[in-house]
Amino acid sequence: GHGQDHLFICTERYSFCVLMWDTDSQRIITRYSGTIQDSNLHRQADNDDGPIGLVDQVHGVIALYLFEGVLKCLRLNKKDGKLIKTSQMRLDDCNVIAMCFLEGYARPALAVLYSDPQDLIFLKTYTLSTKDDSLEKGPFREVVPVEGGASKLIPVPHPFGGVLVIGSESVSYINAKGRLDAAMDSCKIECWEMIDRERYLLGDVDGNLVMILLRHDSKQIKAVQIENSLGKTVQASTLTYLDNAYVFVGSVSGDSTLIRLTTTKNSDGNYIDLVERFPNLGPILDFVVVDLDRQGQGMMVCCSGVGKDGTLRAVRNGIGITPDATMEVLGMCGLWSLSEDTSSPYDHYLVLSFAAQTIVMALTEQKGGSMEVEEPVIGESDRKSSSSDGAEGGMMEVLEQVEVSGFDNVATTIFATNLIADCLLQVTPFSCRVVSCKDLTLISTWKPQPHNNNNNNTK
């Protein structure tokens, strides 16, 4: 109800806080903080994925499974997001594997995936009682047996509701009315991300991406379809769907990547295109410092990454430069950046000076994805190229050639700058020209006396 996202953080010492960004002061502020430490609870929950934290935004409840057999709940005011009270509830299912809140119910509904002493895995649901802070029988009347390798729960949004149970060889959609099963290639799913209410992206320990498609008739789910191999990436620790088919693949065992999902196979036979790679040195399993050039500047050679993402990395002190876009320009003898007006915090024009002409490039927005560059028309050639292909549906910045009528385009520019009163100045060997920023027309010009042309000693 607050209209702004908040960040909930819980530490290893069981202190918690809720943070938000204050747009007025332009800083992060703490809405509230506290502790859920209990001296009577000592045995931490034994879960492969670590402590479980869940947020039910509709009902304003945060559930934490930190101690075995105990569910800690924080209730928030849905209007202002402030903490009302904390409570703890007894959970009979001790060997908890995963949890999630279910959508579409009047009260907070919790789905729990757990194993019994015989290592059989079941799905059970609870309803959180707001009166006496207890767990009551949930919307699924029966305890549902699931695949022995089940490890993840994915809540399905309203209006369908229910939950997806992700196993090692199958995916099951389960709701209060029944279940649907679909076979999947054998794998261990590490993380998942919802693209929309019909599509879910999974990442396994080998770096494969799997897509779940829910077929429906707008009222209920009719079938579960599995696309077993969209392609291979780094071993994903987290997946984040951005927009326009772009997905960030975060990894703790290798380089994180930005990929784009495609509807057709590429040359490698995959449905993913690598857009950008973000280097990650960790985890560093071993390293050695060497001085190959014998100049006293050591270089660290690291054994980085895990498994198929393992690499040898050479690390030096220095400055890294990441190009956003490139273009080939031959014979350029000067370059200046100019803004649209004196109040603009960013530059908009690039003035390129050549031996016998001046070219002006400007940034414009067009439909696409990443930044593009049009090569300037130099002399008689007319070539166009781009640094990268734009993705469909987004907006991209294009650096293209523009006509500034007030500039002398057939002379070399030896100096260019912004002036007060929203004006541009161009200095050539033959004149000084003042141009309006509004319509790029000539306001005033000054020419030196004959046989006394301007030279390169401008300041």
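In this text, all values refer to a predicted model and were calculated from it rather than measured experimentally.

### Considering the overall build of the chain
Point 1. When you go through the chain residue by residue, the secondary structure sums to zero helices and 36 strands.
Point 2. Relative to its full complement of 459 residues, the chain shows a buried share of 42%.
Point 3. Accessible surface for the chain amounts to roughly 26200 Å². Of this, 49% is attributable to carbon and sulfur atoms.

### Comments concerning the sheet that holds strand β19 (residues 208-216)
Point 1. An order of β17-β18-β19-β20 is seen for the four strands of this open sheet, with the pairing classed as antiparallel. The two strands at the open ends of the sheet, each matched to only one other strand, are β17 (189-196) and β20 (221-232). Neighbour to neighbour, the strand axes of the sheet diverge by 20° on average, direction disregarded.
Point 2. With five bridges connecting them, strand β18 (residues 199-204) and β19 associate as antiparallel partners. Across the sheet, residue Y200 finds its bridge partner in β19, namely I212.

### Things to note about the pattern of salt bridges
Point 1. Scanning the model with the defined rule gives seven salt bridges in all.
Point 2. A salt bridge links R107 to E136, with the nearest nitrogen and oxygen atoms 3.0 Å apart. Pair noted here: R107 is in the loop between β8 (96-102) and β9 (109-115) and E136 is in strand β11 (residues 135-137), with a separation of 29 residues, a long-range link.
Point 3. Under the relative-accessibility criterion, R107 is labelled partly exposed at 36%.
Point 4. We note a salt bridge from R179 to D181, for which the minimum N-O separation is 3.3 Å.

### Quick notes on the side chain of T262
Point 1. Locating T262 in the fold gives a position in the loop between β23 (256-261) and β24 (272-278).
Point 2. Separated by 2.8 Å, the side chain of T262 and the backbone oxygen of T264 make a polar contact.
Point 3. Sequence-distant contacts of T262, defined by excluding residues within four places in its chain, comprise N270, Y271, I272 and D273.

### Here's the deal with the pairing of strand β27 (residues 311-315)
Point 1. Both strand β26 (residues 299-304) and β27 contribute to a ladder of five bridges, which runs antiparallel. Note on β27: the bridge partner recorded for V301 is A314.
Point 2. Linking two consecutive strands that pair antiparallel, namely β26 and β27, is a turn of six residues; a positive phi of about 85° is found at G305 within it.

### Here we look at the confidence of the model for the chain
Point 1. Mean pLDDT for the chain: 84, with 87% of residues reaching 70 or above.
Point 2. The low-confidence segment residues 380-393, where pLDDT is below 50, has 34 contacts with residues more than four positions distant or belonging to other chains.

### Considering the environment of Q4
Point 1. Here Q4 is to be found in the segment before β1 (7-10).
Point 2. Among the residues examined, Q4 registers a relative accessible area of 30% and is labelled partly exposed.
Point 3. Counting along the chain gives 18 residues from Q4 to D22, while the straight-line C-alpha distance between them is 10.0 Å.
Point 4. Contact partners of Q4, with chain neighbours within four places excluded, come to M20 and W21.

### Thoughts on the state of the cysteines
Point 1. Using the criterion set out here, one finds zero disulfides in the structure.
Point 2. This cysteine, C302, is not joined by any disulfide, and C303 carries the nearest cysteine sulfur, 7.9 Å off.

### A short note on the pairing of strand β21 (residues 238-243)
Point 1. Pairing of β21 with strand β22 (residues 246-250), which is carried by five bridges, proceeds in the antiparallel orientation. If you follow Y241 over to β22, its bridge partner there is V247.
Point 2. Linking two consecutive strands that pair antiparallel, namely β21 and β22, is a turn of two residues; a positive phi of about 55° is found at N244 within it.

The rules behind each value
- Residues numbered from 1 in each chain as written.
- Predicted model: local features only at pLDDT ≥ 70, side-chain atom pairs only at ≥ 80, totals over all residues.
- Heavy atoms only, no water.
- Helix = DSSP H or I, 4+ residues; strand = E, 2+ residues; numbered from the N terminus.
- Buried < 20%, exposed > 50% of the residue type's maximum accessible area, 1.4 Å probe, protein only.
- Areas by Shrake-Rupley, 256 points an atom, 1.4 Å probe, with all protein chains shown as cover.
- Pairing = 2+ DSSP bridges.
- Axes fitted to C-alpha atoms, helices over the stretch in contact; angles between N-to-C directions.
- Salt bridge = Lys/Arg side-chain N within 4 Å of Asp/Glu carboxyl O.
- Polar contact = N/O pair within 3.5 Å; in protein donor to acceptor, adjacent residues only side chain to side chain.
- Contact = heavy atoms within 4.5 Å.
- pLDDT = per-residue confidence, 0-100.
- Disulfide = S-S within 2.5 Å.

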